[in-house]
Structure formats: C-alpha cells, structure tokens
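# Notes for the structure review
Residue strings, one per chain:
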Amino acid sequence: MWIGWIEFDILLGDVQSLKEKRSVIRPLLAELKRRFGVSVAEVGDHEQHRRSQVGAGLVAADRAHLVEVLTAVERFVAVRPEVELLSSRQRELRSDD
C-alpha cells in the first residue's frame, strides 16, 4: 500500500476578506475531491485572506497510480485562473517503510 500527499502554497487573486477567500477555496476543494477522489483540506494560513495552504492525500495499491493522481492534482491547481500556485511539495510512502 502506498500513501501520498501533496501540499500547495496558494496566493489568491483579488480577495479582500476571509468570506471571499472561502468562496474561492471551497469550490476548489470540492472539485479536487470530486474529480480526483482525494481527501483534501485547507491546512494552513487560515487567517490570511490572500494566502492558503491546501493539502490533498491519497492511498493507492501501487506507486505509479499514486504519482499519476497527485501529478494530475498539481496540474489542475496550477492552471486555475483564480489562484496562483506559489509552491508545492509532494511525498509518497510505502506502508511498510
């Protein structure tokens, strides 16, 4: 069994409040979950209205599938017009490591 996750540091566009931030982040998280079947959450920068830390995780039978899905998630976030992807960090672990 393989366990993988990816974390994103995201800069939001013209967002002036935490309420506006939620209106951008919630649909992004819902679409990631729906499209890729990953667990996803905002994991940091909760009180900053123009920044967000988002994490997505996945469990898979083989590493190739895990990497394929996490890479697709990263590409999806990178091309979203409402956010700017500042950085991403990806990690994979085998369950017996």
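Notes on the structure in this doc start here. Each chain has its residues counted from 1, following the order in which its sequence is written. Residues qualify for local features only when their pLDDT is at least 70, as the model is predicted, and side-chain atom pairs are given and counted only at 80 or more; totals for whole chains, interfaces and linings, by contrast, use all residues. Side-chain numbers here rest on the full set of heavy atoms in the structure, without hydrogens or water.

Attention now goes to the overall build of the protein. Secondary structure elements are taken from DSSP: a helix is a run of H or I of four residues or more, a strand is a run of E of two residues or more, and numbering for both begins at the N terminus. Of the regular secondary structure elements, the protein holds two helices and four strands. Start at the N end of the protein and walk to the C end: the helices and strands fall as β-α-β-β-α-β. Within the span of the protein, comprising 97 residues, buried residues form 33% of the whole. Using the Shrake-Rupley algorithm and a 1.4 Å probe, accessible areas are obtained, with residue cover drawn only from the displayed protein chains. Of the roughly 5,800 Å² that the protein leaves accessible, carbon and sulfur atoms contribute 50%. Separation of charge centres in the protein, based on 15 positive and 16 negative side chains, amounts to 4 Å. For every residue, the accessible area obtained with a 1.4 Å probe (protein chains only) is divided by the maximum for its type, and the residue is called buried under 20%, exposed over 50%, and partly exposed between those limits. Under the convention used here, Asp and Glu are negative, Lys and Arg are positive, and both His and the chain ends fall outside the count. To locate a charge, take NZ of a lysine, CZ of an arginine, CG of an aspartate or CD of a glutamate.

One side-chain nitrogen of Lys or Arg within 4 Å of one carboxyl oxygen of Asp or Glu is enough to make a salt bridge. Scanning the model with the defined rule gives seven salt bridges in all. The partner of Arg94 in a salt bridge is Asp96, with the nearest N and O atoms 3.2 Å apart. One salt-bridge network, in which partners are shared between bridges, spans Glu31, Arg34 and Arg35.

Turning our attention to the nonpolar core. In a soluble, globular protein the nonpolar side chains are often hidden away together inside. The term nonpolar core refers to a set of buried residues drawn from Ala, Val, Leu, Ile, Met, Phe, Trp, Tyr and Cys, joined through side-chain atoms within 4.5 Å. Within the largest apolar cluster, 23 residues are counted, with the highest numbers of intra-cluster contacts made by Phe8, Ile10, Leu12 and Val73. Put simply, the parts of the chain that give this core at least two residues each are β1 (2-12), α1 (18-36), β3 (51-60) and α2 (63-78). Looking at this core, the element that brings in the most residues is α2, giving six residues. Throughout, a residue-residue contact means that at least one pair of heavy atoms, one from each residue, lies within 4.5 Å. When residues no more than four places from it in sequence are discounted, the contact partners of Leu12 are Lys21, Val24, Ile25, His49, Arg50, Glu82 and Val83.

Here the focus is the packing of α1 against α2. What describes two packed helices is the angle between their axes and the distance between those same axes. Direction vectors running N to C along α1 and α2 enclose 145°, while the axes themselves pass 11 Å from each other. Classified by chirality, the crossing of α2 by α1 is right-handed. Residues Leu28, Glu31, Leu32, Arg35 and Phe36 of α1 touch α2, and the partners they reach there are Val69, Ala72, Val73, Phe76 and Val77. Considered class by class, the residues forming the contact of α1 with α2 number eight nonpolar, no polar and two charged. Every axis in this analysis is a line fitted to C-alpha atoms, fitted for helices over the stretch in contact. Angles between the N-to-C directions lie between 0 and 180 degrees. Each crossing gets its handedness from the near helix: less than a right angle anticlockwise from the far helix is left-handed, clockwise is right-handed. Charged residues are taken to be Asp, Glu, Lys and Arg, nonpolar residues to be Ala, Val, Leu, Ile, Met, Phe, Trp, Tyr, Cys and Pro, and polar residues to be all remaining types, Gly included.

In this structure, Gln90 sits in strand β4 (residues 83-94). Along the primary structure Gln90 and Leu58 are separated by 32 residues, whereas in three dimensions their C-alpha atoms are 11 Å apart. If sequence neighbours within four positions are ignored, Gln90 has contacts with Trp5, Ile6, Val67, Leu70, Thr71 and Glu74. Any N or O atom pair separated by 3.5 Å or less is treated as a polar contact, with the protein-specific requirement of one donor-capable and one acceptor-capable atom, and with residues adjacent in sequence counted only for side-chain atom pairs. Looking at Gln90, its side chain comes within polar contact range of the side chain of Glu92, at 2.9 Å.

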